[in-house]
Amino acid sequence: MADRSLRGIRLGAQSLQSEEGVVFMERTQHTYHCATCGRDTTLTFAADAEAPETWECRSCGAEALLKVEGGTVEVDHSGDKAPRTHWDMLLERRTIPELEEILAERLEFIRARRGAGEDPTRAKSA
């Protein structure tokens with residue numbers, strides 16, 4: 001770098017690294033087909049990398065399937081778990097009558113606290 005001058009160069013515009021001594025990996029291309037919008041997406045992977053069966057479609061965001069000779073791969077979604085919501089987890093611990101009782105207790109507590117926050121002398125004079 002001593003032989004190059006940095007004067008007058010725009011930062012980030014050019015790389016000062018050279019490709020000397022760089023060995024590129026072998027590459028292979030895989031195509032993914034989106035059944036929702038009908039578009040094909042071709043992606044480049046390293047030759048020794050295992051291509052995933054699904055990829056997010058770039059145009060519509062749906063699930064695109066890896067194309068193999070004779071069609072696309074079959075993806076088994078039977079093992080996928082549906083995400084549990086807070087309500088689902090709450091219902092695992094409590095029943096609806098218990099939740100209604102807890103709600104009534106909390107509402108009573110909040111109403112009592114709001115009433116207790118008032119000035120007691122003003123309440124008597126009114």
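Residues numbered from 1 in each chain as written. Predicted model: local features only at pLDDT ≥ 70, side-chain atom pairs only at ≥ 80, totals over all residues. Heavy atoms only, no water.

**Student:** Explain the overall build of the protein here, please?
**Tutor:** Per the secondary structure count, the protein includes three helices and five strands. Mapped from its N terminus to its C terminus, the protein presents α and β elements in the order β-β-β-β-β-α-α-α. A burial count over the protein gives 10% of its 126 residues as buried. Of the contacts made within the protein by residues no fewer than 6 positions apart, 19% connect residues no fewer than 24 positions apart. Accessible area for the protein stands at about 11400 Å²; split by element, carbon and sulfur atoms hold 50% of it. (Helix = DSSP H or I, 4+ residues; strand = E, 2+ residues; numbered from the N terminus. Buried < 20%, exposed > 50% of the residue type's maximum accessible area, 1.4 Å probe, protein only. Contact = heavy atoms within 4.5 Å. Areas by Shrake-Rupley, 256 points an atom, 1.4 Å probe, with all protein chains shown as cover.)

**Student:** Please clarify how a positive patch on the surface should be interpreted in this entry.
**Tutor:** Taken together, Arg106, Arg111, Arg113 and Arg114 make up a surface patch of like positive charges. Tracing the chain through its elements places Arg114 in helix α2 (residues 96-116). (Patch = residues over 30% accessible without salt bridge, like charges linked within 9 Å, V, L, I, M, F, W, Y side chains within 5 Å. Salt bridge = Lys/Arg side-chain N within 4 Å of Asp/Glu carboxyl O. Lys, Arg positive; Asp, Glu negative; His and termini not counted. Charge placed at Lys NZ, Arg CZ, Asp CG, Glu CD.)

**Student:** I keep staring at the pairing of strand β4 (residues 63-68) and nothing clicks. Help me out?
**Tutor:** The side chains of a regular strand alternate, first on one face of the sheet and then on the other. In this structure, strand β1 (residues 27-34) lies alongside β4, joined through three bridges in antiparallel fashion. Paired with His33 across the bridge in β4 is Leu65. Pairing analysis gives three bridges linking strand β3 (residues 54-56) to β4, with the strands arranged antiparallel. Among the inter-strand pairings, Glu56 is bridged to a residue of β4, identified as Glu63. Between β3 and β4, which follow one another and run antiparallel, lie six residues, and Gly61 among them has a positive phi close to 85 degrees. Where β4 and strand β5 (residues 71-72) come together, two bridges link them in antiparallel fashion. Residue Val68 lies in a different strand from β5, and its bridge partner there is Gly71. Where β4 hands over to β5, the hairpin turn is made up of two residues, of which Gly70 adopts a positive phi near 95 degrees. (Pairing = 2+ DSSP bridges.)

**Student:** Honestly, the packing of aromatic side chains in this entry has me stumped. Any pointers?
**Tutor:** What describes a pair of aromatic rings is the distance from one ring centre to the other and the angle between the planes of the rings. Going through the model one piece at a time under the given rule, you end up with two aromatic pairs. Each member of the aromatic cluster is reached from another via a ring pair, and the members are Tyr32, Phe45 and Trp55. (Phe/Tyr/Trp six-rings, centres within 6.5 Å; stacked < 30°, edge-to-face > 60°.)

**Student:** I'm lost on the environment of Ala51 in this one. Help?
**Tutor:** Within the secondary structure layout, Ala51 lies in the loop between β2 (40-46) and β3. For the pair Ala51 and His30, spaced 21 residues apart in the sequence, the C-alpha separation amounts to 7.4 Å. Not counting residues within four places of it along the chain, the set of residues in contact with Ala51 comprises His30, Tyr32, Phe45 and Leu66.

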